[in-house]
Amino acid sequence: NAGVTQTPKFQVLKTGQSMTLQCAQDMNHNSMYWYRQDPGMGLRLIYYSASEGTTDKGEVPNGYNVSRLNKREFSLRLESAAPSQTSVYFCASSATGAAGELFFGEGSRLTVL
Amino acid sequence: AQSVTQPDIHITVSEGASLELRCNYSYGATPYLFWYVQSPGQGLQLLLKYFSGDTLVQGIKGFEAEFKRSQSSFNLRKPSVHWSDAAEYFCAVGAPMNRDDKIIFGKGTRLHILP
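Counting starts from 1 at the beginning of each chain's written sequence and moves along it residue by residue. All chains are assigned letters beginning at A, and all ligands numbers beginning at 1, according to the order in which they are written. The model is predicted, so local features are restricted to residues of pLDDT at least 70 and side-chain atom pairs to those at 80 or more, both for listing and for counting; the totals for chains, interfaces and linings are taken over all residues. As a rule here, side-chain values come from all non-hydrogen atoms in the structure, and water together with hydrogens is ignored.

Trainee: Honestly, the sheet that holds strand S8 (residues 74-78) of chain A in this entry has me stumped. Any pointers?
Mentor: Paired through their backbone hydrogen bonds, the strands of a sheet run either parallel or antiparallel. All names here are of chain A. The pairing criterion is simple: DSSP has to find at least two bridges between the two strands. Segments assigned H or I by DSSP are reported as helices when at least four residues long, segments assigned E as strands when at least two residues long, and all are numbered from the N terminus. Taking strand neighbours across the sheet as the criterion, the four strands line up as S1-S3-S8-S7 in an open arrangement whose pairing is antiparallel. Taken across any chain shown, the strands that pair with only one partner, and hence form the sheet edges, are strand S1 (4-7) and strand S7 (64-68). Sheet twist, expressed as the average angle between the axes of neighbouring strands with direction ignored, equals 15°. By the bridge criterion, three bridges tie strand S3 (residues 19-25) to S8 in an arrangement that is antiparallel. When the bridges of S8 are listed, Met19 appears paired with Leu78. To get an axis, a line is fitted to the C-alpha atoms, and for a helix only the part in contact is used. The angle between two axes follows their N-to-C directions and goes from 0 to 180 degrees.

Trainee: Explanation requested: unusual backbone geometry in the structure shown.
Mentor: Residues and elements named next belong to chain A. Here Thr7 and Pro8 are connected by a cis peptide whose omega angle stands at -10°. Its location among the elements puts Pro8 in the loop between S1 and strand S2 (10-13). Phi at Asn28 takes a positive value of approximately 60°, unusual for a residue other than glycine.

Trainee: Just checking my understanding: could you explain the side chain of Glu88(B) for this structure?
Mentor: Mapped onto the secondary structure, Glu88(B) falls in strand S10 (residues 87-94). Any N or O atom pair separated by 3.5 Å or less is treated as a polar contact, with the protein-specific requirement of one donor-capable and one acceptor-capable atom, and with residues adjacent in sequence counted only for side-chain atom pairs. For Glu88(B), the side chain forms a polar contact with the side chain of Arg110(B), separated by 3.0 Å. When sequence neighbours within four positions are dropped, the list of residues in contact with Glu88(B) reads Gln37(A), Tyr36(B), Val37(B), Gln38(B), Lys107(B), Gly108(B), Thr109(B) and Arg110(B). Any two residues whose heavy atoms approach within 4.5 Å at even a single point are treated as in contact.

Trainee: Can you walk me through the nonpolar core in this structure?
Mentor: Among the nonpolar cores identified, the biggest contains 50 residues, and Phe104(A), Trp35(B), Tyr89(B) and Phe105(B) are the most heavily contacted of them. Listed in part, the 19 residues of the second largest apolar core include Met19(A), Trp34(A), Tyr47(A) and Val66(A). Side-chain atoms within 4.5 Å link the members of a nonpolar core, which is a set of buried Ala, Val, Leu, Ile, Met, Phe, Trp, Tyr and Cys residues. Only protein chains enter the accessibility calculation, which uses a 1.4 Å probe; a residue whose area is less than 20% of its type maximum is buried, one above 50% is exposed, and one in between is partly exposed.

Trainee: Explanation requested: the interface of chain B and chain A in the structure shown.
Mentor: Where the parts come together, the accessible area they lose is often given as the size of the interface. Contacts between the two partners involve 19 residues from chain B, matched on the other side by 21 residues from chain A. Both sides together, the interface formed by chain B and chain A hides about 1700 Å², and carbon and sulfur atoms give 62% of it. When residues of chain B are sorted by the area they lose upon contact with chain A, Asp101(B), Ile103(B) and Phe105(B) head the list and together hold 33% of the total. A pairing counts as a salt bridge when a side-chain nitrogen of Lys or Arg comes within 4 Å of a carboxyl oxygen of Asp or Glu. Inspection of the chain B/chain A interface yields zero salt bridges. The interface formed by chain B and chain A includes five residue pairs in polar contact (both at pLDDT 80 or more). Looking at the side of chain B that touches chain A, the elements with two or more residues in it are strand S5 (32-38), strand S6 (44-50), S10 and strand S11 (103-105) of chain B. For the side of chain B that touches chain A, the element with the most residues is S5(B), which contributes four residues. Among the residues forming the side of chain B that touches chain A, the class breakdown is eleven nonpolar, three polar and five charged. Throughout, buried area stands for the accessible area (probe radius 1.4 Å) lost by two parts on being put together, summed over both. Each residue gets one of three labels, nonpolar for Ala, Val, Leu, Ile, Met, Phe, Trp, Tyr, Cys and Pro, charged for Asp, Glu, Lys and Arg, and polar for the others, Gly among them.

These figures capture arrangement, not role.
Spelled out as structure tokens, the structure:
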């Protein structure tokens, strides 16, 4: 079982470049999430999606956009990357939203120069 | 909106000693409460969760946590730590009354184990 798969695992960008982080889950979960992890800051919620076709802002949505393409896939886009977006990004999914266990991907390490 | 605070950034204990990691939340009702662990270079794994009922919950790896409504706390405990418990621990909260799926994490507590 693949669980939650994120791509790419590593990426280096220059300031102003754009990129999309892809996330797919094969557990038929309704809810999906994007978090960023920075030293001393824990995991901060960027965006989440309760179901296909719906997305909501989390704690730190500025500079990001998301797409819930279908039930399996939830992508995160950086339109114009900034050094402050250097981070490790985690995608997660849950069968029962805020009441459920989060299943995490392995993370994507993004560096913006 | 819900929030969660982990007051201790780092905790150091000796192997075999007992452990308590603190978590305080802010929410107008009983939230969904979780503890996750992230071992070095690893992903995040759920240790335990609390929704309602018995306020002492048992989790994996010998961990337990106690929900105290009067103190808005959900502290994680282990009677005797092992060197393999060295990791970062995150408390998280979901809000059942908000009718949304938001799950917020604390900033984490890094646990160091002395041999």
